[in-house]
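# Tertiary structure, described
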Amino acid sequence: ERIDTAGAAPIIPILMCEGSVAPNAVPACNGPTCAEYLSDPSSRSDMYVEADENAVEPKRVLVDYPGVWTENEGGYQTWGGSPYKPPAYFWGRGADDAAWASMRWFARGGAHMNYYMYAGGNNFGRTGGDAMTTAYATDVNVCPDGLPNEPKFSHLGNMHAALREAAPTLLGADPQVGRAVFLPHHGVLVGDTDDDGLWEGTERVPLTDEAVKAGHAAMGSTAFSKERKGGENVRRAALARRRDGGFGGVAAAGAVTDTQTNGELVSDAFAQEVTERFAEVTSRKRAVARASSSGFTEVSGNVVAFEYDSSTDDGFVAFVENNSPRVVVADFKGGAFTLTPWSSVLIVGDASDLTTGLGGMRVAFNSSDVPKTPSLRRVSRAKAGFFDWRAWREPVALDPRVLRETRSVTAPSPLPQIALVGDTTEFLWYHASFEAPELAHEDDPVVPRLWLKIVGRAANRYSVYLDGAPVAAVSDETHSPSAQNQEIEHWVDLGLVARTHVRALSILSESLGVSNYPIFPGAKPGDFEKGVVYAEVRREDTDEALEFLDAHGETVKPGDKWRMRFGLYGEALGLPQSETKTKEQDVGEAYPKWTPVAPGAEAQGVTWLRAAFDADALELAPGDALLLDAQGLGRGHAWVNGHDLGLYWNIARNDAPYDETQRYYVVPREWLVRGENECVFAEVGGAPELGAALAVARMEPASEDEALEAIWAVTGGRQRACEF
């Protein structure tokens, strides 16, 4: 423990994701890769100084503090995004990439690493951040329903098992950051020897031409799969450079003229280009010079080893890395190791046994060698589904009963949503009225077209109604806005509106979650508002803005043109907890009258739905996860036996217009009761063919082809998430 200068009390170190921003915080790295954090001398000296202005002691990483990586980022999902087109955040990462980044961290002396996240979760209720899906971190090691995300789960588990085996040696030696051994190496051509669509795993071979040829099949899954032309170029470059039979040789361009590679010809110009770009280095001096000139740290673009010797015997542990976009064979202690692009292998060896040729060393883990697993997670339709569907359409109009049984306020202009409703609901109604315009000329028969302008907030959806009928919905799915209270402008076509009577305009504002990052200096709750900031109705022919009329009611002040109504009417009636009420009560005075509805019917406006299911008929086995399949719904909120399941929304991904961002929603088994259970849905988006189903996720045996396809899906830059 450290004692402060007054000697009054111990100073307790704080471990947090941003270790530079608070007194007593342990300096830490946060990001998808943190090896460079340890390699940067400034991060190991006085870069992190106590936030206390009176403190001058530097926070020296790997000297006074251990190397701490608080968030090995795995990403999470946002509504309307996709793995390859995230609107503001990345969705996840491949199994090989996560392992490579982790191995590089521990190779340099990192002592602690947290996953963000190791296990996915669920944003039940209103706990989701801005625009984040209900299922959280579907790409990480454990799926949000608790089932392993294979083969990523096993691959990273194997990594931790290997690190545990090496831990006594690693912990008994000084960190090796800055002491990388630059290895002699050369590029090689690799192939798919068994035609399974995957490059083969790394293995150690004797350092001979025959061994190198055998090592061509030793490539694990990489960012350069056969379907990506970049991989073909890298392999052609490797062949062009491997001509003199030794490490570090640079081939003359003419040496590979007309040489056929995978059915393609390598030209003189191409060979010269790759020679200049990927010229090998054989000494530390030249390697350092090359790394310096490229603007990267000591490991950039090089093949290196970090070696840790045992303090008790002749054993050693080494991390051998290929931090380049090409396949190489590296010479480490007389053994040839074929390394895939962007990969690291953990070698455990015995120095006393190295004289026996191939003895003394073995690969304990290879970041690119993702294993085939005997079982995979699959989602299938449950044995039983919903029955006894009933519906009630919530009124939009401000009739006396609605006003009597809900809370509302009036004001001259729209009021901010969070200031009114807080965290009690994600819904707020905005009501106003206007008179449809006169014709432009008495003899002009053209009916004017009207447009509604809404200035709203980020991560907010707006459903527009005219005279109680749905018109359109607009939304913004921004995560982590760039400014406090960021304003988003929307335009809605109200159609051709003739002057017949006063028109009632209703806007249902739906928060898609409050911003949880970034937190700006001096930020307060009011800096992360929701709702309508400004609205106006304009006629298209004259661009004239129409006047809103004064609101009606006994307590309305003159000039109050807007009425803000808190939440949905059904929420005020307690419908989410309706499983506690008998069907006889449903037709009583205090509650709406439910009517039977058949699956496949259309749901418009704000429609409340109730459906039952028999938990016993599902026949769930131990380990099975129950899911709600919301494909037949639109957008809204769901409750199971009164428990808040959260937001559901069948918004399409931005890279696949027919694939929902999230289709399945976890129903915790502890929420279920024996026999009949009930789901309640507040459907606010409208469903053209109403319906929902139950599904089950479970681990099932995988065939050889399925296991190989699963490896392909989480390697080489791909990042298939758990099916949700």
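These remarks concern the structure in this document.

Scoring rules and cut-offs
Residues numbered from 1 in each chain as written. Predicted model: local features only at pLDDT ≥ 70, side-chain atom pairs only at ≥ 80, totals over all residues. Heavy atoms only, no water. Pairing = 2+ DSSP bridges. Helix = DSSP H or I, 4+ residues; strand = E, 2+ residues; numbered from the N terminus. Buried < 20%, exposed > 50% of the residue type's maximum accessible area, 1.4 Å probe, protein only.

### Some words on the sheet that holds strand β33 (residues 607-614)
Backbone hydrogen bonds are what pair the strands of a sheet, in a parallel or an antiparallel way. Pairing is antiparallel in the open sheet, where six strands are placed in the order β32-β22-β33-β40-β35-β36. Of all strands in the sheet, those with a lone pairing partner are β32 (595-596) and β36 (643-649), marking the two edges. Sheet analysis places strand β35 (residues 635-640) next to β36, joined by six bridges and oriented antiparallel. Bridging from a neighbouring strand, Gly 636 pairs with Tyr 648 of β36.

### Overview of the environment of Ser 482
Relative to the helices and strands, Ser 482 resides in the loop between β27 (469-476) and β28 (487-496). By relative accessible area, Ser 482 is classed as exposed at 64%. On a C-alpha basis, the gap between Ser 482 and Tyr 517 in space is 9.6 Å, while along the polypeptide they are 35 residues apart.

### Overview of the pairing of strand β25 (residues 449-457)
Among the nine residues of β25, seven are classified as buried, and the element is accordingly described as predominantly covered. Pairing between β25 and β28: nine bridges, direction antiparallel. By the bridge assignment for β28, Arg 457 is matched with Glu 487. Here seven bridges tie β25 to strand β30 (residues 532-539), and the two strands are oriented antiparallel to one another. Across the sheet, the residue bridging to Leu 450 is Arg 539, located in β30.

### A closer look at the sheet that holds strand β15 (residues 303-309)
Strand order across the open sheet formed by five strands is β10-β15-β16-β19-β20, with antiparallel pairing between neighbours. Either end of the sheet is taken by a strand with one partner, and the two such strands are β10 (181-182) and β20 (361-366). In this structure, β15 lies alongside strand β16 (residues 315-322), joined through seven bridges in antiparallel fashion. Directly across from Ala 305, in β16, lies its bridge partner Val 320.

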